[in-house]
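Inside the fold
Given next are the chains, with one letter for each unit.
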Amino acid sequence: MKWTYVLIVLAILSLIIQIYVQYKKRSAQEYLTGLLSSGKYDEFDEAVDSDRIKRWIPEFNRLYVKLNKEIMCGNADKVEDIINGVRLMNLGDTYKGKIYTLIYNYYLSRKDYERCKEYYKLISGIKNYDTHELDITHNTFVRNGYKYLDEVMDKMNSLPENQRGVYELLIGKMYRNKGETDKAIEYESLAGKHMRQGG
């Protein structure tokens, strides 16, 4: 009877600790997100490496959010410093996939296609990491292809009109790559209309 009671108490304590830890992690994440969304970048820089945040948010998550912040602020030198640090880290495959994809998208936004190719190769070499969306992006924007036109068209047609904007933009680029300018303009125009509507 005594041991049963002790085990019940321990189970309750364990549950309370788990709830407390999850609460503290969520609070720390919300605090950082709040600083970013309100443009308090200096406070964010100070907080993200503070003992309070380090206690609840793992190093990779802090690095990921720091990289996002520097990209958002357009701090190219700081972005490169973080990227160089990432390459030296011993990351698991899932973490590599996530942060390398963020880096790939950063270079894509800067039209640095050589670096895109470098990170595409790195990401493609990660076992059991789903690269299908990246394959579509890479083929369309870096290789100027249209290999996935039918697939993207099918996906777009399965959505309500006001949610098609991103796919229409992608299709417009694919038609440009094909040399079909009239269709490219048609889909780019639709994309503009639907993206203004929130899709």
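Residues numbered from 1 in each chain as written. Predicted model: local features only at pLDDT ≥ 70, side-chain atom pairs only at ≥ 80, totals over all residues. Heavy atoms only, no water.

1. Comments concerning the overall build of the protein chain
Helices and strands together make up the secondary structure of the protein chain, namely eleven helices and zero strands. Going residue by residue from the N terminus, the α and β elements of the protein chain occur as α-α-α-α-α-α-α-α-α-α-α. Sorting the 199 residues of the protein chain into buried and exposed places 33% on the buried side. In the protein chain, of all internal contacts separated by at least 6 residues, the share reaching a separation of at least 24 is 51%. Of the roughly 13,000 Å² that the protein chain leaves accessible, carbon and sulfur atoms contribute 51%. (Helix = DSSP H or I, 4+ residues; strand = E, 2+ residues; numbered from the N terminus. Buried < 20%, exposed > 50% of the residue type's maximum accessible area, 1.4 Å probe, protein only. Contact = heavy atoms within 4.5 Å. Areas by Shrake-Rupley, 256 points an atom, 1.4 Å probe, with all protein chains shown as cover.)

2. Side note on the side chain of threonine 140
Residue position: threonine 140 is located in helix H8 (residues 132–142). Judged by its relative accessible area of 0%, threonine 140 falls in the buried class. Within the structure, threonine 140 has its side chain in polar contact with the backbone oxygen of isoleucine 136 (distance 2.8 Å). Not counting chain neighbours up to four residues away, the residues in contact with threonine 140 comprise Gly145, Leu170, Lys173, Met174 and Asn177. (Polar contact = N/O pair within 3.5 Å; in protein donor to acceptor, adjacent residues only side chain to side chain.)

3. What to know about the layout of surface pockets
The calculated volume of the largest pocket comes to roughly 340 Å³. Ile136, Thr137, Val166, Tyr167 and Leu170 are, among the 13 residues lining the largest pocket, the residues nearest its centre. When residues in the lining of the largest pocket are grouped by element, the largest group, five residues, is from H8. Classifying every residue of the lining of the largest pocket gives eight nonpolar, two polar and three charged. Reported here for the second largest pocket is a volume of approximately 160 Å³. In terms of lining residues, the second largest pocket is bounded by Thr101, Asn105, Tyr129, Asp130, Thr131, His132, Glu133, Leu134 and Thr137. Taken together, the elements giving at least two residues each to the lining of the second largest pocket come down to helix H6 (93–109) and H8. The leading source of residues in the lining of the second largest pocket is H8, at four residues. Here the lining of the second largest pocket is composed, by residue class, of two nonpolar, five polar and two charged. (1 Å grid on protein atoms, 1.4 Å probe; cavity = no way out; pocket = protein on both sides within 12 Å on 5 of 7 lines; lining within 4 Å. Points joined across faces, edges and corners; volume = space filled by probe spheres on them. Nonpolar A, V, L, I, M, F, W, Y, C, P; charged D, E, K, R; others polar.)

4. Things to note about the environment of glycine 145
Mapping glycine 145 onto the fold places it in the loop between H8 and helix H9 (149–157). Each C-alpha atom of the pair glycine 145 and lysine 178 lies 7.4 Å from the other, and the pair is 33 residues apart in sequence.

5. Things to note about H9
Three or more residues of H9 are buried, namely Leu149, Val152, Met153 and Met156. Projected down its long axis, H9 shows its buried positions confined to an angular sector of 100°, all on one face. Exposed residues on H9 whose side chains face more than 90 degrees from its buried face are Asp150 and Asp154. Contact partners of the buried residues in H9: H8, helix H10 (165–178) and helix H11 (181–196). (Arc of directions from axis to C-beta.)

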